[in-house]
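# Structural overview
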Amino acid sequence: MNDFSGKNILVLGGSRGIGAAIVRRFASEGANLAFTFAGSRESAGALATETGAEAIQADSADRDALTATVAARGKLDILVINAGTLVLGDPLTLDPDQVDRMIDVNVRAPYHAAVEAARQMNDNGRIIVIGSVNADRMPFAGGAAYALTKAAMQGMVRGLARDFGDRGITVNSIQPGPTDSDMNPAEGPMAATMHSFMAIKRHARAEEIAEYAAYIAGPHAGMITGSMQTIDGGFGA
Ligand SMILES: NC(=O)c1ccc[n+]([C@@H]2O[C@H](COP(=O)([O-])OP(=O)(O)OC[C@H]3O[C@@H](n4cnc5c(N)ncnc54)[C@H](OP(=O)(O)O)[C@@H]3O)[C@@H](O)[C@H]2O)c1
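Residues numbered from 1 in each chain as written. Predicted model: local features only at pLDDT ≥ 70, side-chain atom pairs only at ≥ 80, totals over all residues. Heavy atoms only, no water.

## Some points on the pattern of salt bridges
When their charged atoms lie close together, side chains carrying opposite charge are able to pair. Here is the rule we go by: Note on definitions: salt bridges are taken to be side-chain nitrogens of Lys or Arg within 4 Å of carboxyl oxygens of Asp or Glu. The numbering of helices and of strands both runs from the N terminus, where a helix is a DSSP run of H or I of at least 4 residues and a strand a run of E of at least 2. Note on classification: 1.4 Å probe, protein chains only; a residue is buried when its accessible area is under 20% of the maximum for its type, exposed when over 50%, partly exposed between these limits.
This model, assessed by the stated rule, comprises ten salt bridges. Note that Arg25 and Glu211 form a salt bridge whose closest N and O atoms lie 2.9 Å from each other. Taken together, the residues Arg25 in helix α1 (residues 17-27) and Glu211 in helix α7 (residues 206-217) connect sequence positions 186 residues apart. Judged by relative accessible area, Glu211 falls into the partly exposed class, the value being 42%.

Laid out in structure tokens, this is it:
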């Protein structure tokens, strides 16, 4: 246990999948918790009722809405930037608007949210982005734009770690491999192909990613910063 009781925590993109598991993990220790969602009002409402966390509708692609939401939380202890989208396909035929929206949500939003959070963040705070092992390894066709977004996070993490390090604030990326969620179902059409790249041939459970996030957010991880923490069953090995 890390004792998150009373810690002011915001999870961006917490209504489903990995983000919801992270919300549940922090809620289990009595955090002062809020999470955002884009469209899933029903899932967000159910999770808020279950955990006591506040659900806030804020599209990460809308910079003003995003930064206003972050600023309104005041002095954060922990910011988890999980909201992300996945657009896969032949780059010659992919809808460029969809690609640009993915870049907005996966790249622009994490940068602006992290910077806004740091304005007021308490010393020894934690900024965690959910990247992807695809930043390091993209072993199938059709993933160039997604890999681009997750690789961009790596540069941001390294740079912001140096910008905020004198306040004890750590900035890290957790890079999951295939993880069971709506985005990437364990029984989905690409599952067998993904498992063929892995040493441990199964999807992770969202709870396994959340447990790692809790460690990085906790008091024992104060010297981990500017790093990519990969949890992928050997996908990138
Ligand atoms: N699943 C995997 O295999 C895997 C592997 C590596 C990395 N990741 C990364 O892990 C993160 C979570 O993925 P997941 O698998 O849990 O995905 P998911 O099941 O599709 O859930 C995505 C979550 O992000 C929120 N979200 C999406 N776009 C948003 C926006 N514009 N504004 C605010 N919230 C937004 C969604 O809210 P709504 O419910 O309102 O849509 C939802 O809560 C992503 O960054 C993803 O790239 C996933």
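Following the structure, the description resumes.
## Details of the nonpolar core
As a reminder, the rule being used: Buried Ala, Val, Leu, Ile, Met, Phe, Trp, Tyr and Cys residues that are joined via side-chain atoms within 4.5 Å together make up what is termed a nonpolar core. By definition, residues are in contact when any of their heavy atoms lie within 4.5 Å.
Within the largest apolar cluster, 31 residues are counted, with the highest numbers of intra-cluster contacts made by Ile22, Phe26 and Leu33. In this structure, Ile22 is in contact with Val11, Val80, Ile130, Ala210 and Ala213, ignoring residues within four places of it in sequence. Residues Leu10, Leu66, Leu76 and Ile81 belong to the second largest nonpolar core, which totals 28 residues.

## So, the site of the ligand
Let me state the cut-off plainly: We call a residue near a given molecule or strand whenever any one of its heavy atoms falls within 4 Å of it. We define a polar contact as two N or O atoms separated by no more than 3.5 Å, with the added condition that, inside protein, one atom must be a possible hydrogen donor and the other a possible acceptor, whereas residues neighbouring each other in sequence contribute only through side-chain atom pairs. Note that accessible areas follow from Shrake-Rupley with a 1.4 Å probe, and for residues the cover is restricted to the protein chains shown. Cavities and pockets were defined on a 1 Å grid built over protein atoms only: a cavity is a set of grid points that admits a 1.4 Å probe from which the probe cannot escape, a pocket is an open set flanked by protein on both sides within 12 Å along at least five of seven lines, and lining residues are those with an atom within 4 Å of any such point. Cavity and pocket membership follows a simple rule, namely that a molecule belongs there if more than half of its atoms are within 2 Å of the grid points. When residue character is reported, Ala, Val, Leu, Ile, Met, Phe, Trp, Tyr, Cys and Pro are called nonpolar, Asp, Glu, Lys and Arg charged, and the others, Gly included, polar.
Not every one of the 32 residues close to the ligand is listed here, only the nearest: Ser15, Arg16, Gly39, Ser40 and Ser181. At 3.3 Å, a side-chain N or O of Arg101 approaches a nitrogen atom of the ligand. Protein contacts shield 94% of the accessible area of the ligand, which totals 900 Å² for the unbound molecule. According to the grid-proximity analysis, the pocket containing the ligand is the largest pocket. Sorting the residues of the shell around the ligand by element identifies α1, α4 (96-120) and α5 (144-164) as the ones contributing at least two each. Each residue belonging to the shell around the ligand can be placed in one class, and the counts come to eleven nonpolar, 16 polar and five charged.

## With respect to the packing of aromatic side chains
Rule in force here: Note on ring pairs: Phe, Tyr and Trp rings are taken, using the six-membered ring of Trp, and paired if centres are within 6.5 Å. Classes follow the plane angle, with under 30 degrees stacked, over 60 edge-to-face and the rest tilted.
Following the criterion strictly, the structure yields three aromatic pairs and no others. Relative to Phe26, the ring of Phe4 lies with its centre 4.8 Å away and its plane at 85°, an arrangement referred to as edge-to-face. Taken together, the residues Phe4 in the segment before β1 (8-12) and Phe26 in helix α1 connect sequence positions 22 residues apart. Judged by its relative accessible area of 1%, Phe26 is buried. Judged by centre distance (5.7 Å) and plane angle (70°), the ring pair of Phe197 and Phe235 falls under edge-to-face. Taken together, the residues Phe197 in the loop between α6 (191-196) and α7 and Phe235 in the segment after β7 (227-231) connect sequence positions 38 residues apart. Exposure class is identical for Phe197 and Phe235. Each is buried. Chaining the aromatic ring pairs together yields one cluster made of Phe140, Phe197 and Phe235.

## Brief notes about the side chain of Asn106
Within the fold, Asn106 resides in helix α4. Looking at Asn106, the relative accessible area reads 0%, which means it is buried. A polar side-chain atom of Asn106 sits 2.9 Å from the main-chain carbonyl oxygen of Thr85. Aside from chain neighbours lying at most four places away, what touches Asn106 is Ala83, Gly84, Thr85, Tyr146, Thr149, Lys150 and Met153.

## Some words on the layout of surface pockets
The following threshold applies: Grid points are joined across faces, edges and corners, and a volume is the space filled by probe spheres set on the points.
For the largest pocket, the calculated volume is near 940 Å³. Of all the elements in the fold, those that place two or more residues in the lining of the largest pocket are α1, β2 (32-37), α4, α5 and α6. Of the pockets and cavities examined, the second largest pocket occupies roughly 170 Å³. Lining the second largest pocket are 13 residues, with Lys7, Asn124, Ala217, Gly218 and Pro219 positioned closest to its centre. Looking at side-chain class alone, the lining of the second largest pocket contains four nonpolar, four polar and five charged residues.

## Quick look at empty space enclosed by the protein
Per the stated rule, a full pass over the model turns up one cavity of 30 Å³ or more. In this structure, the largest cavity is lined by Ser60, Ala61, Arg63, Leu66, Asp104, Arg108, Ala109 and His112. Those elements giving two or more residues to the lining of the largest cavity turn out to be α3 (63-72) and α4.

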